[in-house]
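Below are the chains, spelled out letter by letter.
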Amino acid sequence: MPTEQQTLAPPARTPRTHPVEALFSHGRLVAIPRKEARREQLLVHLADTLFERQRSYTEREVNEALLTVHEDCSALRRYLVVAGLLVRPRDGSSYRRGR
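Please read these numbers as outputs of a predicted model, since none were measured by experiment.

(A) Main features of the packing of helix α3 (residues 59-67) against helix α4 (residues 73-82). It is at 9 Å that the axes of α3 and α4 come closest, and there the two elements cross at 110 degrees. As far as their axial angle goes, α4 and α3 are roughly perpendicular. Where α3 crosses over α4, the two elements pack in a sense that is right-handed. Residues E59, V62, N63, L66 and L67 of α3 form the contact with α4, whose participating residues are C73, L76, R77 and L80.

Printed below as a string of structure tokens:
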């Protein structure tokens, strides 16, 4: 027989997570998510899969890597920098993995 405390407790909820792979079709990003949390999930995935941690990249190399998944490489590059996933010096001469 359940105790009073057990009957009053709400059921445990597991957070709904959507795999980042759902944003892709045939290896290409369908659209850049508008929701910040979903976009962050995508950006972390892109940083992890496209860029090595201890390597420096030129802007051209960053663009070429991002073009493999979406045509708007400049928007993705900007989002990655704003999120701190790619960092660059003020002169924009190179990019490195951030956090």
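(B) The side chain of R97, seen in detail. Assignment of secondary structure puts R97 in strand β5 (residues 95-97). Looking at R97, its side chain comes within polar contact range of the main-chain oxygen of A47, at 2.9 Å. Within the structure, R97 has its side chain in polar contact with the side chain of D48 (distance 3.1 Å). Sequence-distant contacts of R97, defined by excluding residues within four places in its chain, comprise A47, D48, F51, E52, R53, L85, L86 and V87.

(C) Summary view of the packing of helix α2 (residues 36-50) against α4. α4 packs onto α2 with a crossing angle of 95 degrees between their chain directions and a minimal axis gap of 10 Å. With respect to their mutual orientation, α2 and α4 come out roughly perpendicular. The segment α2 lies against α4, with R39, L42, L43, L46 and A47 engaging L76, Y79 and L80. Taken together, the residues that form the contact of α2 with α4 break down as seven nonpolar, no polar and one charged.

(D) Quick peek at the nonpolar core. Of all hydrophobic cores here, the largest spans 22 residues; its most connected members are F24, L42, F51, L76 and L80. Mapped onto this core, the elements with two or more residues apiece are α2, α3 and α4. In contact with L80, other than residues within four places in its own chain, are L43, A47, F51, L66, L85 and L86.

(E) Spatial organisation of unusual backbone geometry. Located in the positive-phi region is H26, a residue other than glycine, with phi close to 55 degrees. Among the secondary structure elements, H26 is positioned in the loop between β1 (24-25) and β2 (28-29).

(F) Broad picture of the packing of aromatic side chains. Here the structure, examined in full by the defined rule, presents one aromatic pair. Aromatic pair F51 and Y57: ring centres 5.2 Å apart, planes at 85 degrees, arrangement edge-to-face. The two residues F51 and Y57 agree in class, both being buried.

(G) Structural context of the pattern of salt bridges. According to the stated counting rule, one finds six salt bridges in the structure shown. Residue E40 is joined to R99 by a salt bridge in which the shortest nitrogen-to-oxygen separation is 2.3 Å. With a gap of 59 residues between them, E40 in helix α2 and R99 in the segment after β5 connect regions that are remote in the sequence. Between E59 and R77 there is a salt bridge, with the nearest N and O atoms lying 3.7 Å from each other. Here E59, found in helix α3, pairs with R77, found in helix α4; they are 18 residues apart in sequence, far enough to count as distant. Classification of R77 by relative accessible area gives buried; the value is 13%.

Rules used in this analysis
- Residues numbered from 1 in each chain as written.
- Predicted model: local features only at pLDDT ≥ 70, side-chain atom pairs only at ≥ 80, totals over all residues.
- Heavy atoms only, no water.
- Axes fitted to C-alpha atoms, helices over the stretch in contact; angles between N-to-C directions.
- Helix = DSSP H or I, 4+ residues; strand = E, 2+ residues; numbered from the N terminus.
- Parallel < 35°, antiparallel > 145°, perpendicular 65-115°, else oblique.
- Left-handed = near helix turned anticlockwise from the far one by under 90°.
- Contact = heavy atoms within 4.5 Å.
- Polar contact = N/O pair within 3.5 Å; in protein donor to acceptor, adjacent residues only side chain to side chain.
- Nonpolar A, V, L, I, M, F, W, Y, C, P; charged D, E, K, R; others polar.
- Core = buried A, V, L, I, M, F, W, Y, C linked by side-chain atoms within 4.5 Å.
- Buried < 20%, exposed > 50% of the residue type's maximum accessible area, 1.4 Å probe, protein only.
- Phe/Tyr/Trp six-rings, centres within 6.5 Å; stacked < 30°, edge-to-face > 60°.
- Salt bridge = Lys/Arg side-chain N within 4 Å of Asp/Glu carboxyl O.

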